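Chain residues, written in single-letter form:
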Amino acid sequence: MAMQFKRRLPSYATYGDGRNKILIAHDDDPWNVLEGLTEVTLYAYSPRFTAMNEYIEPMSDLLEEYGSEEQAVARIRADGGYVLPLGYGEHGPGTSTFYVGSVHPALGEWDSGLAGFIVFRKGCVKNEDEARAYADDLLDELSKWMNGDAYLVTLIDSDGDDTETYDCLGYDGLVDRILDVMPSSWTDFTVCYEDDYLQWAAEDAEEEVRKRLEKPKVTSNGKRARMTKTNHRYDGVVKMRKDKVPKKSTKRASTKPVGSRSVKPRKQSNGQKAR
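Note that residues are indexed from 1 along each chain, following the sequence as it is written. Only residues with pLDDT of at least 70 are given local features in this predicted model, and only at 80 or more are side-chain atom pairs given and counted; all residues enter the totals for whole chains, interfaces and linings. Only hydrogens and water are set aside when side-chain values are computed; all heavy atoms of the structure are taken into account.

A few points about the pattern of salt bridges
Okay, step 1: Any carboxyl oxygen of Asp or Glu within 4 Å of a side-chain nitrogen of Lys or Arg constitutes a salt bridge here. Counted according to the given criterion, the structure contains seven salt bridges.
Okay, step 2: With a shortest N-O distance of 3.2 Å, R132 and D136 are connected by a salt bridge. Here D136 and R132 lie together in helix α5 (residues 128–146), a separation of four residues that amounts to about one turn.
Okay, step 3: Judged by its relative accessible area of 39%, R132 is partly exposed.
Okay, step 4: Buried means the residue's accessible area, taken with a 1.4 Å probe over protein chains only, is under 20% of the maximum for its type, while exposed means over 50%, and partly exposed covers the values in between. For D136, a relative accessible area of 36% translates into the label partly exposed. Secondary structure counts use DSSP, requiring at least four H or I residues in a row for a helix and at least two E residues in a row for a strand, with both numbered from the N terminus.

Below, the structure is given as structure tokens:
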């Protein structure tokens, strides 16, 4: 999802000083990762979870359709779908964790347990292993969304012009997003942060990005890929990241094979929808 709006840089990072900048900000209204999923549904026993996320369905809906949990599991599987256990655990504020299973091995039975089911409708995945891999990825993003672990990445060129703003979840997602959208021509850049509490994330992200850009990779033929100093891209088979910043995208990049997602337009600070 790409948005265009003007952000004030921190006092130490001025516009148009000749350096390309990547501005990190907290996303106060992150995109709901369950929005738009059509073939995967999360059902929960407690209304607490349906209150946490409007796209988590109450278990009563599943029971109303099939009669009982046993019949629901049997009929969904007989129809070519898959049902996985939905677990939830927490150990204090900001530690919400969704996962596949019942008791979380790291949290134990006091802080975790079975919360419901993850239902995959017929034809959306090929087998249970694919369903498990997709669920692990989805629930990891859901946990980050629930904990507010969300960022905005704004590209600001050396002339001080904002180009695009992209969203991402989690620190790993932050680093991957920077590598994905930063133009290959940006050989000189700095990562800035909008609020002081994001300083560690910005500094660590910049260090990790530079480390990945400098780290040699191995091509498919087993030989080390050569990296050019001018554009930080590898010759040969392996490419570190995309050559160009993507045009205005309509949704956050995803490699998930299941479902479809819609994106609500983000509003600017003046209350109008961002273009």
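Back to the text.
Some points on the side chain of T41
Okay, step 1: Inspection of the secondary structure assignment puts T41 in strand β3 (residues 40–44).
Okay, step 2: Here a residue-residue contact requires only that any non-hydrogen atoms of the pair lie within 4.5 Å. Contact partners of T41, with chain neighbours within four places excluded, come to E57, F117, I118 and V119.

Structural notes on the environment of G101
Okay, step 1: Examined against the element boundaries, G101 turns out to sit in the loop between β6 (97–100) and α4 (108–111).
Okay, step 2: The class of G101 is buried, set by a relative accessible area of 15%.
Okay, step 3: Once the C-alpha coordinates of G101 and Y88 are considered, the two residues, 13 residues apart in sequence, prove to be 8.6 Å apart.
Okay, step 4: When residues no more than four places from it in sequence are discounted, the contact partners of G101 are P85, L86, G87 and L114.

Let's talk about the side chain of N32
Okay, step 1: Inspection of the secondary structure assignment puts N32 in the loop between β2 (20–26) and β3.
Okay, step 2: Pairs of N or O atoms are called polar contacts if they sit within 3.5 Å, as long as, within protein, a hydrogen donor faces a hydrogen acceptor (for residues adjacent in sequence, only side-chain-to-side-chain pairs). Polar contacts involving the side chain of N32 include one to the main-chain amide nitrogen of L34, which spans 3.1 Å.
Okay, step 3: With residues up to four places along the chain from it excluded, the contact list for N32 reads N53, E54, Y55 and W145.

Concerning the sheet that holds strand β5 (residues 82–89)
Okay, step 1: Here five strands make up an open sheet; going across it, the order is β4-β3-β7-β5-β6 and the pairing mixed. Whereas interior strands pair on both sides, the edge strands pair on one side only; in this sheet they are β4 (56–58) and β6. Along the sheet, successive strands turn relative to each other by an average axial angle of 35°, direction set aside.
Okay, step 2: Here β5 pairs with β6 via four bridges, running antiparallel. When the bridges of β6 are listed, Y88 appears paired with F98.
Okay, step 3: A fitted line through C-alpha atoms represents every axis, and for helices the fit uses only the stretch in contact; the resulting angles, taken between N-to-C directions, go from 0 to 180 degrees. Helix-sheet contacts for helix α2 (residues 59–66) involve β3, β4 and β7 (112–120), and the interaxial angle to β4 is about 60°. Two strands are said to pair when DSSP picks up at least two bridges between them.

Keep in mind these numbers describe shape, not what the thing actually does.
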